[in-house]
Amino acid sequence: MSRNLLILGAAPNLSELRNTLVRLEDTIIFALIERSQFKHNNSIYKANKMNFRDGYTGSFLSWFLKEVESVHAKVRRYQSPDEYPFTNNLPEPVLPPLEYPPVLVDPQEININDEIFDVYVNTVIPGITAQGDDTNYGSSATRDIECLQALSRRIHYGKFVAESKFQDPDCHDEYVRLIKEKNRDRLMELLTNSRVEELLLKRLKAKALIYGQDLSSAGLDGNSNINDSSQPLIGLRSSPSDAAEEKIKSRVDYDLVVSLYRDYVIPLTKEVEIEYLLHRLD
Ligand SMILES: O=C(O)C(=O)C[C@]1(C(=O)O)C=C[C@@H](O)C=C1
């Protein structure tokens with residue numbers, strides 16, 4: 001978490017929070033591109049597939065996640081109010097606790113990482129990877145963990161967004177009333193900003209197109225003579241046209257990145273916002 005956002009212990013500023021969400025789009029797109037260079041490697045997601053010498057029977061990814069999160073817990077990662085682990089019973093930090101000003105009310109209570117894990121393994125991975133097994137299990141699982149952590153941070157950021165909206169003097173009384181009524185539907189309407197969502201999805205498609213460009217298909221990889229390049233790069237055009245989309249081979253399915261956000265990332269962020277608000281007055 002950016003220390004600047006927390007330093008004052010005051011209401012988080014919505015436009016700063018949105019800037020962080022925009023930056024996390026880049027992190028997520030690049031993480032997905034990194035993972036998509038390897039095949040599906042389905043056996044890393046299945047229990048009892050890897051013959052662990054110590055008799056472990058879970059999936060390779062679950063084992064790896066637990067190991068990585070154990071190290072990260074020791075260096076205080078999960079004391080930060082925007083970091084949520086996927087596994088339980090993690091070790092205590094080896095360093096003294098960090099002081100975070102109290103911005104959220106009961107920040108660690110809501111953790112929807114099980115849902116994020118499920119969507120990632122069963123929907124995202126089969127979508128962004130080629131079918132099959134290339135035996136790059138460690139590399140694939142390393143990228144999976146990066147993707148999962150970035151998605152989790154992005155989605156749980158909904159708590160800060162919700163806190164900021166709750167403290168907005170223009171809406172505060174309305175939020176209090178709806179929370180007391182436990183009126184989920186009206187809360188959902190109040191916190192939804194369709195214009196922001198629409199812009200986000202447009203921006204995301206443009207980013208996925210630009211970041212995903214495979215420069216070897218444009219004659220600009222290390223093996224090409226620069227003068228051979230006849231293909232214009234999408235990033236150098238004023239807007240990514242359909243023609244450009246066809247010419248440049250993409251390393252990631254940009255429509256899939258957009259649908260990942262539209263169908264999962266934004267709805268799950270809103271779910272976190274609602275859950276947070278419903279407990280805000282406890
Ligand atoms: O920016 C906000 O206001 C948010 O609540 C975040 C977010 C998102 O997930 O990107 C979610 C709900 C809004 O409708 C718009 C965007």
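Residues numbered from 1 in each chain as written. Predicted model: local features only at pLDDT ≥ 70, side-chain atom pairs only at ≥ 80, totals over all residues.

1. Here we look at the overall build of the protein
- On a plain count of helices and strands, the protein comes out with 11 helices and zero strands.
- Its helices and strands taken in sequence order, the protein reads α-α-α-α-α-α-α-α-α-α-α from the N to the C terminus.
- Counting all 282 residues of the protein, 28% fall into the buried class.
- Contacts spanning at least 24 positions in sequence make up 74% of the contacts within the protein whose residues lie at least 6 apart. (Helix = DSSP H or I, 4+ residues; strand = E, 2+ residues; numbered from the N terminus. Buried ≥ 20, exposed ≤ 12 C-beta atoms within 10 Å, placed from the backbone. Contact = placed C-beta atoms within 7 Å.)

2. Side note on the site of the ligand
- In the region of the ligand, 13 residues are neighbours, and T192, N193, V196, I266 and T269 sit closest.
- In terms of residue count, helix α11 (residues 254–278) provides more of the shell around the ligand than any other element does, four residues in total.
- Looking at the shell around the ligand residue by residue, the class counts come to six nonpolar, three polar and four charged. (Near = placed C-beta within 6 Å. Nonpolar A, V, L, I, M, F, W, Y, C, P; charged D, E, K, R; others polar.)

3. Concerning the confidence of the model for the protein
- Mean pLDDT over the protein stands at 88; residues scoring 70 or higher make up 84%.
- Per-residue pLDDT stays below 50 along residues 228–240; that stretch engages in 25 contacts with residues further than four places along the chain or on separate chains.
- Both scores are available for the predicted complex, with the pTM at 0.89 and the ipTM at 0.99. (pLDDT = per-residue confidence, 0-100.)

4. Things to note about unusual backbone geometry
- Of note, the phi angle at R76 is positive, near 80°, even though the residue is not glycine.
- Note on placement: R76 falls in the loop between α3 (60–74) and α4 (113–128).

5. Description of the packing of helix α2 (residues 14–36) against helix α9 (residues 194–211)
- Contact geometry of α2 with α9 gives a least axis separation of 10 Å together with a crossing angle of 45°. Judged by the angle between their axes, α2 and α9 are oblique. In this structure, α2 meets α9 at a crossing whose hand is right-handed. Facing α2, whose interface residues are E25, D26, I29, F30 and I33, α9 presents L204, K207, A208 and Y211.
- Partitioned by chemical class, the residues of the contact of α2 with α9 number six nonpolar, no polar and three charged. (Axes fitted to C-alpha atoms, helices over the stretch in contact; angles between N-to-C directions. Parallel < 35°, antiparallel > 145°, perpendicular 65-115°, else oblique. Left-handed = near helix turned anticlockwise from the far one by under 90°.)

6. Some thoughts on the nonpolar core
- Counting residues in each nonpolar core, the largest one holds 47 residues, and the members touching the most others are Y120, L148, L151, A208 and V257.
- What A208 contacts, discounting residues up to four positions off in sequence, is I29, V252, Y254 and V257. (Core = buried A, V, L, I, M, F, W, Y, C linked by C-beta atoms within 7 Å.)

7. Section: α3
- Between its first and last C-alpha atoms α3 spans 22 Å; for 15 residues at 1.5 Å apiece the expected length is 21 Å, and the two agree.
- Within the sequence span of α3, burial applies to F60, L61, L65, E69 and A73.
- Where the residues of α3 are buried, they touch α5 (137–156).
- A positive backbone phi angle near 80° is found at R76, which sits one or two residues after α3. (Expected span 1.5 Å × (residues − 1).)

8. Considering the environment of P102
- Structurally, P102 is set in the loop between α3 and α4.
- Taking the C-beta count within 10 Å as the criterion, P102 has 11 such neighbours and is therefore assigned exposed.
- Counting along the chain gives 81 residues from P102 to N183, while the straight-line C-alpha distance between them is 26 Å.

9. A closer look at helix α6 (residues 158–167)
- Among the 10 residues that make up α6, eight are buried, leaving the element largely enclosed by the rest of the structure.
- Among all positions of α6, only G158, K159, F160, V161, A162, E163, K165 and F166 are buried.
- On its buried side, α6 packs onto α2, α5, α7 (172–181), α8 (184–191) and α11.

10. Focus on the environment of T57
- Note on placement: T57 falls in the loop between α2 and α3.
- In the structure, T57 is positioned 159 residues away from S216 in sequence and 42 Å away in space, judged by C-alpha atoms.
- Discounting chain neighbours no more than four positions away, the residues touching T57 are A47 and N48.

11. Digging into the environment of V272
- Turning to its location among the elements, V272 is positioned in helix α11.
- Once the C-alpha coordinates of V272 and I155 are considered, the two residues, 117 residues apart in sequence, prove to be 7.2 Å apart.
- Leave out the neighbours within four places in its chain, and V272 touches I110, I112, I155, H156, G158 and K159.

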